[in-house]
Amino acid sequence: MKLAEIVRTLEATVLAGEAKLDSDIVRCGASDLMSDILAGLAEGSLLLTGLTTLQAVRTASIAGVGAIAFVRGKIPPAEVVQLADAHGLPLVSTPCSMFVACGRLHACRLTGLNGNR
Amino acid sequence: MSGLRKDFFIRARDFIHAGEASIRIQHLLKTMQFDPHLIRRIAVCSYEGEMNVVMHGGDGRLHMELESDVLKLDISDAGPGIPDIELAMRPGYSTASDEQREMGFGAGMGLPNMKKNADDMTIESQPGRGTRVRMRFFLNEGG
């Protein structure tokens, strides 16, 4: 599923990485715990999180995450957006809760990080 | 490429800069065109180890050595040390403070993630004497 389609599905606002909206996303992870994100294979995935921190961006970058979606309408501070830009990491913000965001993406046939649904 | 050494200072409790050393190592390995899977394994180990120092250790150092057939990470700190290493290795076990947990730390997967991704790992630590974690990654032909 294209990141642009995900943005529409989640009614999201794009905060960074407009140039990468054509990326293909197949797998999703949802977590607020840094080491849980690193425990699985996250390459090229969409990370759904409520943590709008520098660490979330760095963790995502280390894990090779393809894009981050902040849930519950959260908007990160400017320095977080700047860091994501520096890493070429798309950031979007969705008004959906974590549960609803996951549900909508699951309904679009996206899988979990390990390929399971 | 062999005999490359890099040292990074890790400042305790500095969550603004925490992880930057590992990001730099990841970037370096990308420019050297290492295998992406290997880069991710090394980056995860480096980052988890670096974050452990920031959260739990005193100031510390991340030392990287790249030889022709192995990459070594040596992460040491002047922190309080680990009283029970076996307990610390247990998935889910964490000594993160409440404030750190609010930042998303405390999953208790740091050391298990490092052990899983490194080809080998040793931990030397004694209460009051700091901690040293050494990891090795064997390089296939072509990096």
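As the structure is a prediction and not an experimental result, all values here were calculated from the model.

Caption draft 1: Region of interest: the interface of chain B and chain A. Of the residues lining the interface, 19 residues belong to chain B; the matching set on chain A comes to 17 residues. Counting only elements with at least two residues in the side of chain B that touches chain A, the list comes to helix H1 (20-31), helix H2 (36-56) and helix H5 (110-117) of chain B. Looking at the side of chain B that touches chain A, the element that brings in the most residues is H2(B), giving 5 residues. The residue makeup of the side of chain B that touches chain A, split by class, is 11 nonpolar, 6 polar and 2 charged.

Caption draft 2: Structural context of the sheet that holds strand S6 (residues 111-112) of chain A. Residues and elements named next belong to chain A. Ordered in space as S1-S5-S4-S3-S2-S6, the 6 strands form an open sheet in which the pairing is mixed. Where the open sheet ends on each side, the last strands, each with one partner, are strand S1 (13-16) and S6. Judged from the 3 bridges that link them, strand S2 (residues 27-30) and strand S3 (residues 46-49) form a sheet pairing that is parallel. Across the sheet, Ala 30 pairs through a bridge with Leu 48, a residue of S3.

Caption draft 3: Structural view of the pairing of strand S2 (residues 60-66) of chain B. All names here are of chain B. Of the two faces of S2, only the one carrying Gly 60, Leu 62, Met 64 and Leu 66 is buried; Arg 61, His 63 and Glu 65 on the other face are not. Pairing analysis gives 7 bridges linking strand S1 (residues 4-10) to S2, with the strands arranged antiparallel. Across the sheet, the residue bridging to Phe 9 is Arg 61, located in S2. Here S2 runs beside strand S3 (residues 70-77); their pairing, made up of 7 bridges, is antiparallel. The residue bridging Gly 60 from the neighbouring strand is Asp 77, located in S3.

Caption draft 4: Quick peek at unusual backbone geometry. Phi at A:Arg109 takes a positive value of approximately 75°, unusual for a residue other than glycine. In this structure, A:Arg109 sits in the loop between helix H5 (98-107) and S6. Positive phi is not limited to glycine here, since B:Arg13 has a value of about 65°.

Caption draft 5: Region of the structure containing the nonpolar core. Grouped together as the largest cluster of nonpolar side chains are 74 residues, with contacts concentrated most on A:Ala67, A:Ile68 and A:Ala69. Of the residues forming this core, the biggest block, 10 residues, is contributed by H2(B). With residues up to four places along the chain from it excluded, the contact list for A:Ala67 reads A:Leu3, A:Gly17, A:Ser23, A:Ile25, A:Leu46, A:Leu89, A:Pro90 and A:Val92.

Caption draft 6: Molecular detail of the environment of A:Ala39. Residues and elements named next belong to chain A. In this structure, Ala 39 sits in helix H2 (residues 34-39). Exposure remark for Ala 39: the 23 C-beta atoms within 10 Å place this residue in the buried category. Along the primary structure Ala 39 and Val 92 are separated by 53 residues, whereas in three dimensions their C-alpha atoms are 23 Å apart.

Caption draft 7: Region of the structure containing the sheet that holds strand S5 (residues 131-138) of chain B. All names here are of chain B. One open sheet accounts for 5 strands, arranged S1-S2-S3-S5-S4; its pairing is antiparallel. Unpaired on one side and paired on the other, S1 and strand S4 (120-125) mark the two borders of the sheet. Taking the axes of each pair of neighbouring strands and ignoring which way they run, one obtains an average angle of 10° across the sheet. Of the pairings in the sheet, the one linking S4 to S5 comprises 6 bridges and is antiparallel in character. Of the residues in S5, the one forming a bridge with Glu 124 is Arg 132. Contacts from H2 reach S1, S2, S3 and S5 within the one sheet, and its direction differs from that of S3 by about 10°.

Cut-off values and rules
Residues numbered from 1 in each chain as written. Chains lettered and ligands numbered in written order. Predicted model: local features only at pLDDT ≥ 70, side-chain atom pairs only at ≥ 80, totals over all residues. Contact = placed C-beta atoms within 7 Å. Helix = DSSP H or I, 4+ residues; strand = E, 2+ residues; numbered from the N terminus. Nonpolar A, V, L, I, M, F, W, Y, C, P; charged D, E, K, R; others polar. Pairing = 2+ DSSP bridges. Buried ≥ 20, exposed ≤ 12 C-beta atoms within 10 Å, placed from the backbone. Core = buried A, V, L, I, M, F, W, Y, C linked by C-beta atoms within 7 Å. Axes fitted to C-alpha atoms, helices over the stretch in contact; angles between N-to-C directions.

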